[in-house]
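Chain and residue survey
As a plain string of letters, each chain reads:
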Amino acid sequence: MTTTPARLTVLAGPTAVGKGTVSADVRLRYPEVWLSVSATTRSPRPGEVDGVHYHFLSTGEFEAMAARGDLLEWAVVHGRNRYGTPRRPVEERLAAGEPALLEIDLQGARQVRETMPDALFVFLAPPSWEELERRLVGRGTEGPEERARRLETAKVELAAEPEFDVTIVNDEVHRATDELVALMGLRTR
Ligand code: 5GP
């Protein structure tokens, strides 16, 4: 019997494409998929739970983690808050022979490509630019300034698609999730 080595899968894509929605769907329908919990300096949104959706840290706490080398990657996202992947849980998971999933921004994905080039890099794409704009406005969690900032980021991020191993179009969240889970070599249902 041959065993496939555990693989790291990195899901990235433009802002508001629905990475968070796909992650939430993975959590809900495929609890057997291990999803990294990122550290962030942004404040929790309503319904977000510390340690489940993110580790919510102060800037000082985040900087200390980064300085200790405890983050696999980290980035300032949308020119504002810091987000990073705690290194140890990912390494432990892979060492135990279990696949792991990261949902991070493009800058983070590029850092992971430098340190873990064997990872599978998945680009989550919107069905169209208009749909991406609609989703960004529709979410209604950010003010106009923040939305404009995120659209700018999204334009740059869309152009990065060719850097990725595979693209999943997020036309329907369950379908996109199933495609991601299948790519990770897990059984879909
Ligand atoms: P939000 O604030 O909407 O939850 O996330 C904003 C952005 O931060 C998203 O594009 C998300 O992919 C990204 N992000 C979340 N966690 C991480 C992380 O650990 N590292 C990096 N580089 N980006 C992250």
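Refer to the structure presented above.
Cut-off values and rules
Residues numbered from 1 in each chain as written. Predicted model: local features only at pLDDT ≥ 70, side-chain atom pairs only at ≥ 80, totals over all residues. Heavy atoms only, no water. Phe/Tyr/Trp six-rings, centres within 6.5 Å; stacked < 30°, edge-to-face > 60°. Helix = DSSP H or I, 4+ residues; strand = E, 2+ residues; numbered from the N terminus. Buried < 20%, exposed > 50% of the residue type's maximum accessible area, 1.4 Å probe, protein only. Arc of directions from axis to C-beta. Contact = heavy atoms within 4.5 Å. Near = heavy atom within 4 Å. Polar contact = N/O pair within 3.5 Å; in protein donor to acceptor, adjacent residues only side chain to side chain. Areas by Shrake-Rupley, 256 points an atom, 1.4 Å probe, with all protein chains shown as cover. Nonpolar A, V, L, I, M, F, W, Y, C, P; charged D, E, K, R; others polar.

Observations regarding the packing of aromatic side chains
Scanning the entire structure with this criterion turns up four aromatic pairs. Arranged with centres 5.8 Å apart and planes meeting at 75°, the rings of F62 and W74 form a pair that is edge-to-face. Residue F62 is found in helix α2 (residues 59–67), and its partner W74 is found in strand β5 (residues 71–77); the two are separated by 12 residues along the sequence. By relative accessible area, which is 0% here, F62 ends up buried. Every member of this aromatic cluster is reached through a ring pair, and the members are Y54, F56 and Y83.

Topic: helix α4 (residues 106–115)
Along α4, the residues that are buried comprise L106, G108, A109 and V112. Seen end-on, α4 carries its buried residues on one side only, within an arc spanning 155°. Residues of α4 that are exposed and point more than 90 degrees away from the buried face comprise E114 and T115. At its buried positions, α4 is contacted by β1 (8–12), β5, β7 (100–103), β8 (120–125) and α6 (144–158).

A word on the site of the ligand
Near the ligand, the surroundings consist of 16 residues, among which S38, R42, Y54, Y83 and E103 are the closest. T85 places a side-chain nitrogen or oxygen 3.4 Å from an oxygen atom of the ligand. For the ligand, the accessible surface in isolation is 510 Å², of which the surrounding protein chains cover 94%. Where the shell around the ligand is concerned, the elements lending two or more residues are β5 and β6 (81–86). In terms of residue class, the shell around the ligand is built from five nonpolar, four polar and seven charged.

Looking at the environment of R80
Relative to the helices and strands, R80 resides in the loop between β5 and β6. Along the backbone, R80 and T41 are 39 residues apart, and their C-alpha atoms lie at a distance of 9.1 Å. With sequence-adjacent residues up to four places away left out, R80 is seen in contact with E146 and R149. Side-chain polar atoms of R80 contact the side chain of E146, separated by 3.2 Å.

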